[in-house]
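# Structural characterization, general
Chain by chain, the residues:
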Amino acid sequence: MRRRAVLRVSGGTEQPREYHHRIMPTEHAPERVIASPDEDFPRWYQDVVAKAELAEGGPVRGTMVIRPYGYAIWERMQADLDRRIKEAGASNAYFPLFIPESYLRREAEHVEGFSPELAVVTHGGGRELEEPVVVRPTSETIINASFAKWIHSHRDLPLLINQWANVVRWELRPRLFLRTSEFLWQEGHTAHATRGEAGEFALKILREVYEDFMVDVLAIPVLTGRKTARERFAGATTTWTCEAMMRDGKALQMGTSHELGQNFSQAFDITFLDDQGRRNHVWQTSWGVSTRLMGALVMAHGDASGLCLPPAIAPVEVVVLVVRAEGGTVERAESIVAELRSKGRRVELDARADTSFGRRVVSWELKGVPLRVELGPRDVAGETAVLARRDTGTKSTVPMGELAGRVSEELRASQQAMLANAVLRRERATSEASTLDQAIAAAQKGFAVLPASLLASGGEERLNSAGVSVRCLRRSDGSLPDAEVPEGADDLEGAGGADGKLVAIAAKAY
RNA sequence: CGGGGAGUAGCGCAGUGGUAGCGCACCUGCUUUGGGAGCAGGAGGUCGCGGGUUCGAGUCCCGUCUCCCCGACCA
């Protein structure tokens with residue numbers, strides 16, 4: 001039975017000497033607020049999403065209502081990614097939700113890949129439509145129809161477009177954020193004069209936008225690599241991916257960046273005249289990250305107390321909690337809030353006198369707020385405040401005059417510690433394998449690293465039938481392999497480059 | 001599509017033919033508030049839908065719809 005965590009308080013009138021202590025268990029054990037992540041991880045995930053007020057299911061199966069707190073986190077992700085995407089040179093635009101069904105058909109692999117999960121509109125205005133329209137599962141086709149109109153000359157290139165939108169992929173097994181029939185995302189689409197330039201851009205997005213964001217902001221380490229042909233995006237020549245490890249030992253694909261070659265430019269006849277007057281098809285990329293990142297945040301950092309947010313993404317960095325509304329605590333709390341806000345901190349005041357202190361603490365913990373300032377009459381009398389960190393659970397008493405400085409310090413430390421811990425957890429969950437059987441065994445608790453040559457002649461198929469998938473291919477020194485080469489054994493054995501052999505990262509995955 | 005379950009208050013559930021219940025949540029009041037507080041009072045239901053059996057159906061029978069889980073399919 002889980003024990004409730006209880007605060008041990010020391011005398012507030014002591015001189016403001018610094019000390020730390022862990023939260024201690026108590027005798028009373030009320031019913032748990034959320035399921036234990038160790039005992040029932042899926043249930044724990046659902047509980048956290050619900051209790052942190054991130055999202056809930058919509059009336060149609062597979063749909064999702066993103067609640068204000070969850071959406072605030074998503075908005076912060078959007079803002080940060082949007083800035084990075086623009087720094088990479090792309091401009092935002094918006095394309096229609098409805099796509100003529102015929103567009104999807106133009107690229108053979110694309111239509112084959114997406115057909116099973118399309119939502120198709122057959123009626124409009126009370127009549128059957130002459131040509132059904134599909135609700136976009138992704139926008140390659142409709143955006144490329146525009147590209148064909150916009151691009152005429154090498155002077156029009158590169159064309160770098162990004163769209164923030166919702167997309168629909170009908171899902172039979174939905175899970176909030178991780179797999180829903182409708183989700184929100186960003187999709188970038190670019191056109192370039194040469195294959196080399198397109199390839200470089202796809203990698204630039206992968207590393208300088210996606211990986212940097214995931215590591216620096218979300219504090220989630222990712223393995224970058226290339227997808228196998230089997231896992232590749234429908235219509236791409238190469239798919240690059242960011243793969244993360246969740247706390248239950250399963251992998252999550254957090255973002256992908258594709259080289260599309262000339263597949264779509266040929267299908268949609270996107271051509272340009274080069275400086276020699278020759279007509280060429282453009283080389284393209286597309287790339288996206290979605291609200292799935294929300295699921296990653298929950299599962300990479302969450303713990304038995306709920307969500308745990310890295311300060312950089314937290315809508316509320318600090319909550320100032322009035323323990324009880326007496327002895328001038330409210331006024332003092334308000335002035336602390338004002339001071340922290342003036343220093344640019346995102347702060348919320350919790351002075352609710354009608355809800356017990358314990359309940360409020362638990363609720364802020366569930367929401368993953370990185371730092372709490374707890375202020376009671378004893379603190380006010382002693383000119384101190386209690387500072388509590390969400391990620392470590394540690395509390396310390398801080399002299400009032402040092403509070404603002406300590407808040408900044410702790411936020412910085414928390415961001416760093418969360419990343420370091422996530423890296424450590426991933427390392428513990430990663431093991432080497434030299435046979436398929438070893439890989440399958442290792443993948444039960446995390447990433448299995450195996451020679452990519454084992455995937456040939458049915459090897460990948462064997463992993464899949466054991467519920468294990470190849471998350472990505474990379475070099476044994478951790479660097480990215482070459483872009484896709486023609487299918488077959490060469491793909492797996494020959495593309496490692498001179499620096500090292502190609503390894504496969506395999507895992508159970510969401 | 002195959003197999004298995006479930007539909008009763010916002011959520012989770014009990015209720016083997018005789019007054020529609022419990023826990024949590026919600027509302028009011030008082031006492032509380034340093035890790036999900038206590039007491040008292042209160043509100044909330046066409047028991048998925050349609051038919052049948054019966055003096056009487058949440059309960060039994062027939063039909064129907066929906067949802068969930070496992071598998072299959074899929075990223």
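Residues numbered from 1 in each chain as written. Chains lettered and ligands numbered in written order. Predicted model: local features only at pLDDT ≥ 70, side-chain atom pairs only at ≥ 80, totals over all residues. Heavy atoms only, no water.

In terms of regular secondary structure, chain A is built from 15 helices and 26 strands. For 510 residues, the compact-globule estimate of 2.2 N^0.38 gives 24 Å, and the C-alpha radius of gyration of chain A, at 26 Å, lies within 12% of that figure. When its C-alpha atoms are laid out on the principal axes, chain A stretches across 80 × 55 × 45 Å. By residue count, 53% of the 510 residues in chain A fall in the buried class. Restricting to contacts in chain A with at least 6 residues of sequence separation, those with at least 24 account for 68%. Counting every atom, chain A has about 22,400 Å² of accessible surface; 48% of that belongs to carbon and sulfur. (Helix = DSSP H or I, 4+ residues; strand = E, 2+ residues; numbered from the N terminus. Rg over C-alpha atoms; globule rule 2.2 N^0.38 Å. Buried < 20%, exposed > 50% of the residue type's maximum accessible area, 1.4 Å probe, protein only. Contact = heavy atoms within 4.5 Å. Areas by Shrake-Rupley, 256 points an atom, 1.4 Å probe, with all protein chains shown as cover.)

Here helix α2 (residues 68-87) crosses helix α8 (residues 292-301) at 110°, and the two axes come no closer than 10 Å. Put simply, α2 runs roughly perpendicular to α8. Regarding α2 and α8, the two cross each other, and that crossing is right-handed. On the side of α2, the interface is formed by G70, I73, W74, M77 and L81, while α8 contributes L293, M294 and L297. Across the contact of α2 with α8, the residue classes tally to seven nonpolar, one polar and no charged. (Axes fitted to C-alpha atoms, helices over the stretch in contact; angles between N-to-C directions. Parallel < 35°, antiparallel > 145°, perpendicular 65-115°, else oblique. Left-handed = near helix turned anticlockwise from the far one by under 90°. Nonpolar A, V, L, I, M, F, W, Y, C, P; charged D, E, K, R; others polar.)

Before going further, it helps to spend a moment on the packing of aromatic side chains. Each aromatic ring pair is specified by the distance between its two centres and by the angle formed by the two planes. What the rule picks out here adds up to eight aromatic pairs. Ring centres 4.9 Å apart and planes at 35° place the aromatic pair F41 and W44 in the tilted group. In this pair, F41 and W44 are both assigned in helix α1 (residues 41-51), three residues apart and thus about one turn of the helix distant. The same class applies to F41 as to W44, namely buried. Ring geometry for W74 and W164: centres 6.0 Å apart, planes at 75°, overall edge-to-face. With W74 in helix α2 and W164 in strand β10 (residues 159-168), this pair connects stretches of sequence that are 90 residues apart. Note on W74: relative accessible area 1%, which makes it buried. Site record: aromatic cluster; members linked through ring pairs are F95, F147 and W150. Over the ring of Y510 we find K250, and its NZ or CZ is 4.5 Å from the ring centre. (Phe/Tyr/Trp six-rings, centres within 6.5 Å; stacked < 30°, edge-to-face > 60°. Lys NZ or Arg CZ within 6 Å of the ring centre and 35° of its normal.)

This next bit is on the confidence of the model for chain A. Taken over all residues, the pLDDT of chain A has a mean of 89, while the share at 70 or more is 91%. Taken together, the stretch residues 1-30 has pLDDT below 50 and engages in 45 contacts with residues farther than four places along the chain or on a different chain. The ipTM assigned to the predicted complex is 0.88, against a pTM of 0.92. (pLDDT = per-residue confidence, 0-100.)

The next subject is helix α5 (residues 140-150). Among the 11 residues that make up α5, eight are buried, leaving the element largely enclosed by the rest of the structure. Those residues of α5 that fall on the buried side of the exposure criterion are E140, T141, I142, I143, N144, A145, S146 and F147.

Across the interface, α1 lies against α8 with an axial gap of 11 Å and an inter-helix angle of 120°. With respect to α8, the element α1 is oriented oblique. α1 and α8 meet at a crossing whose hand is right-handed. Along the contact surface, α1 presents F41, W44, Y45 and V48, while α8 presents G295, V298 and M299. When the residues that make up the contact of α1 with α8 are grouped by side-chain class, the tally is six nonpolar, one polar and no charged.

A separate point is α2. Side chains of residues three or four places apart in an α-helix project in the same direction, reflecting 3.6 residues per turn. Compared with an ideal rise of 1.5 Å per residue, which puts 20 residues at 28 Å, α2 spans 28 Å between its outermost C-alpha atoms and is within 8% of the ideal. Within α2, the full set of buried residues consists of Y69, G70, A72, I73, W74, M77, Q78, D80, L81, D82, R84 and I85. Once α2 finishes, G89 follows within two positions and takes phi at roughly 110°, a positive value. (Expected span 1.5 Å × (residues − 1).)

Formed by 65 residues in total, the largest nonpolar core has its most connected members in I73, M77, M214, L218 and M254. Examining the composition of this core, we find that nine residues originate from one element, helix α6 (residues 195-216), more than from any other. Beyond its immediate sequence surroundings of up to four residues, M254 is in contact with M214, L218, I220, V222, C242, A244, V289, L293 and A296. Of all hydrophobic cores here, the second largest spans 25 residues; its members include F114, V134, L159 and L260. (Core = buried A, V, L, I, M, F, W, Y, C linked by side-chain atoms within 4.5 Å.)

Moving on to the environment of S363. If you trace the backbone, S363 turns up in helix α10 (residues 357-366). The spacing of S363 and A145 is 218 residues in sequence and 49 Å in space, taken between C-alpha atoms.

Buried residues dominate strand β14 (residues 251-261), accounting for 10 of its 11 residues. The pairing of strand β13 (residues 238-245) with β14 spans eight bridges and is antiparallel. By the bridge assignment, T241 is partnered in β14 with T256. Here β13 folds back onto β14, and the loop between the two strands holds five residues, one of which, G249, carries a positive phi near 90°. Pairing of β14 with strand β17 (residues 283-290) involves five bridges; the strand directions are antiparallel. Pairing of T256 across the sheet is with G288, part of β17. (Pairing = 2+ DSSP bridges.)

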